[in-house]
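Notes for the structure review
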Amino acid sequence: MAKRQNESAAQADQLKEDLRHLSDTVEELVNATSKDASGEMRDLRTRAEQRLKDTRQRLEARGERIYEDTRDSLTHQADACDRYVHENPWTSIGIGAAAGVIIGMLIGRR
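Here the structure is a predicted model, which means the values were calculated and not measured.

This part takes up the overall build of the protein. Scanning the protein from N- to C-terminus turns up 3 helices and 0 strands. Starting at the N terminus and ending at the C terminus, the protein contains elements arranged as α-α-α. Sequence separation of 24 or more characterises 52% of the internal contacts of the protein that already satisfy a separation of 6 or more.

Written out as C-alpha coordinates, the structure is:
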(Lines give C-alpha, C1' and ligand atoms only; values in the text may rest on other atoms or scores of the structure.)
Protein backbone atom coordinates (compact mmCIF):
# COMPACT_ATOMS: atom_id res chain seq x y z
CA MET A 1 0.00 0.00 0.00
CA ALA A 2 2.83 2.39 0.87
CA LYS A 3 4.47 1.59 -2.47
CA ARG A 4 1.34 2.71 -4.35
CA GLN A 5 1.21 5.92 -2.32
CA ASN A 6 4.85 6.64 -3.18
CA GLU A 7 4.13 5.96 -6.85
CA SER A 8 1.09 8.24 -6.73
CA ALA A 9 3.12 10.97 -5.07
CA ALA A 10 5.85 10.60 -7.70
CA GLN A 11 3.27 10.78 -10.48
CA ALA A 12 1.70 13.88 -8.92
CA ASP A 13 5.12 15.50 -8.62
CA GLN A 14 5.90 14.70 -12.26
CA LEU A 15 2.55 16.16 -13.31
CA LYS A 16 3.28 19.34 -11.37
CA GLU A 17 6.70 19.55 -13.02
CA ASP A 18 5.17 19.10 -16.49
CA LEU A 19 2.61 21.80 -15.83
CA ARG A 20 5.30 24.12 -14.50
CA HIS A 21 7.37 23.63 -17.67
CA LEU A 22 4.34 24.29 -19.80
CA SER A 23 3.43 27.46 -17.93
CA ASP A 24 7.06 28.67 -18.13
CA THR A 25 7.02 28.22 -21.88
CA VAL A 26 3.72 30.03 -22.26
CA GLU A 27 5.07 32.87 -20.12
CA GLU A 28 8.16 33.09 -22.32
CA LEU A 29 5.91 33.18 -25.37
CA VAL A 30 3.89 36.05 -23.95
CA ASN A 31 7.04 37.98 -23.06
CA ALA A 32 8.51 37.41 -26.51
CA THR A 33 5.33 38.59 -28.19
CA SER A 34 5.70 41.97 -26.56
CA LYS A 35 9.18 42.32 -28.10
CA ASP A 36 7.79 41.68 -31.59
CA ALA A 37 10.82 39.59 -32.64
CA SER A 38 9.39 37.24 -35.26
CA GLY A 39 12.31 34.75 -35.28
CA GLU A 40 12.37 34.42 -31.52
CA MET A 41 8.58 34.19 -31.43
CA ARG A 42 8.57 31.36 -33.97
CA ASP A 43 11.10 29.44 -31.88
CA LEU A 44 9.09 29.92 -28.71
CA ARG A 45 5.86 28.89 -30.43
CA THR A 46 7.55 25.76 -31.72
CA ARG A 47 8.88 24.94 -28.25
CA ALA A 48 5.49 25.65 -26.67
CA GLU A 49 3.71 23.40 -29.17
CA GLN A 50 6.26 20.62 -28.65
CA ARG A 51 6.03 20.83 -24.85
CA LEU A 52 2.26 20.86 -25.06
CA LYS A 53 2.28 17.72 -27.22
CA ASP A 54 4.78 16.01 -24.91
CA THR A 55 2.80 16.93 -21.81
CA ARG A 56 -0.44 15.74 -23.36
CA GLN A 57 1.14 12.40 -24.29
CA ARG A 58 2.57 11.94 -20.80
CA LEU A 59 -0.75 12.81 -19.17
CA GLU A 60 -2.59 10.36 -21.41
CA ALA A 61 -0.05 7.63 -20.65
CA ARG A 62 -0.28 8.31 -16.90
CA GLY A 63 -4.06 8.32 -17.02
CA GLU A 64 -4.08 4.96 -18.77
CA ARG A 65 -1.54 3.56 -16.30
CA ILE A 66 -3.54 4.82 -13.30
CA TYR A 67 -6.73 3.36 -14.80
CA GLU A 68 -5.07 -0.03 -15.36
CA ASP A 69 -3.53 -0.06 -11.87
CA THR A 70 -6.87 0.81 -10.29
CA ARG A 71 -8.70 -1.80 -12.32
CA ASP A 72 -6.13 -4.47 -11.38
CA SER A 73 -6.29 -3.49 -7.71
CA LEU A 74 -10.08 -3.59 -7.62
CA THR A 75 -10.12 -6.93 -9.43
CA HIS A 76 -7.62 -8.32 -6.93
CA GLN A 77 -9.66 -7.02 -3.98
CA ALA A 78 -12.92 -8.39 -5.41
CA ASP A 79 -11.28 -11.79 -5.93
CA ALA A 80 -9.96 -11.77 -2.35
CA CYS A 81 -13.42 -10.88 -1.03
CA ASP A 82 -15.02 -13.62 -3.13
CA ARG A 83 -12.48 -16.16 -1.86
CA TYR A 84 -13.10 -15.11 1.75
CA VAL A 85 -16.87 -15.47 1.37
CA HIS A 86 -16.49 -18.93 -0.16
CA GLU A 87 -14.05 -20.04 2.53
CA ASN A 88 -16.04 -18.54 5.45
CA PRO A 89 -19.73 -18.50 4.49
CA TRP A 90 -21.14 -18.30 8.04
CA THR A 91 -18.82 -15.49 9.05
CA SER A 92 -19.81 -13.62 5.90
CA ILE A 93 -23.50 -14.10 6.68
CA GLY A 94 -22.90 -12.79 10.22
CA ILE A 95 -21.06 -9.72 8.92
CA GLY A 96 -23.83 -9.04 6.41
CA ALA A 97 -26.51 -9.41 9.08
CA ALA A 98 -24.67 -7.09 11.48
CA ALA A 99 -24.24 -4.48 8.73
CA GLY A 100 -27.96 -4.78 7.93
CA VAL A 101 -28.92 -4.26 11.58
CA ILE A 102 -26.67 -1.21 11.89
CA ILE A 103 -27.97 0.33 8.66
CA GLY A 104 -31.55 -0.42 9.75
CA MET A 105 -30.97 1.30 13.08
CA LEU A 106 -29.48 4.35 11.40
CA ILE A 107 -32.34 4.61 8.93
CA GLY A 108 -34.87 4.08 11.72
CA ARG A 109 -33.54 7.10 13.63
CA ARG A 110 -34.57 9.49 10.87
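Right, let's get into the packing of helix 2 (residues 38–87) against helix 3 (residues 89–109). Viewed as axis vectors pointing N to C, helix 2 and helix 3 meet at an angle of 110 degrees, and their least axial separation amounts to 5 Å. Here helix 2 is positioned roughly perpendicular relative to helix 3, judged by the angle of their axes. In contact with Y84, V85, H86 and E87 of helix 2, helix 3 contributes P89, T91, S92 and I95. Taken together, the residues that form the contact of helix 2 with helix 3 break down as 4 nonpolar, 3 polar and 1 charged.

A word on helix 2. Helix length check: helix 2, at 50 residues, gives a terminal C-alpha distance of 73 Å against a target of 74 Å (1.5 Å per residue), a fit within 8%. Along helix 2, the residues that are buried comprise M41, L44, A48, T55, R62 and S73.

On the surface, Y84, V85 and I95 cluster together to form a nonpolar patch covering roughly 260 Å² of accessible area. Along the chain, V85 falls in helix 2. In this structure V85 comes out as partly exposed when scored by relative accessible area, which is 36%.

Moving on, we get to a negative patch on the surface. A contiguous patch of negative charge, built from E60, E64, E68 and D72, is present on the exposed surface. If you trace the backbone, D72 turns up in helix 2. Exposure remark for D72: the relative accessible area of 44% places this residue in the partly exposed category.

Let us now look at the confidence of the model for the protein. Per-residue confidence for the protein gives a mean pLDDT of 80; residues scoring 70 or more make up 87%. For the protein, the element scoring lowest by mean pLDDT is helix 1 (residues 2–35), at 71; helix 3 scores highest, at 92.

Basis of the calculations
- Residues numbered from 1 in each chain as written.
- Predicted model: local features only at pLDDT ≥ 70, side-chain atom pairs only at ≥ 80, totals over all residues.
- Heavy atoms only, no water.
- Helix = DSSP H or I, 4+ residues; strand = E, 2+ residues; numbered from the N terminus.
- Contact = heavy atoms within 4.5 Å.
- Axes fitted to C-alpha atoms, helices over the stretch in contact; angles between N-to-C directions.
- Parallel < 35°, antiparallel > 145°, perpendicular 65-115°, else oblique.
- Nonpolar A, V, L, I, M, F, W, Y, C, P; charged D, E, K, R; others polar.
- Expected span 1.5 Å × (residues − 1).
- Buried < 20%, exposed > 50% of the residue type's maximum accessible area, 1.4 Å probe, protein only.
- Patch = residues over 30% accessible without salt bridge, like charges linked within 9 Å, V, L, I, M, F, W, Y side chains within 5 Å.
- Areas by Shrake-Rupley, 256 points an atom, 1.4 Å probe, with all protein chains shown as cover.
- Salt bridge = Lys/Arg side-chain N within 4 Å of Asp/Glu carboxyl O.
- Lys, Arg positive; Asp, Glu negative; His and termini not counted.
- Charge placed at Lys NZ, Arg CZ, Asp CG, Glu CD.
- pLDDT = per-residue confidence, 0-100.

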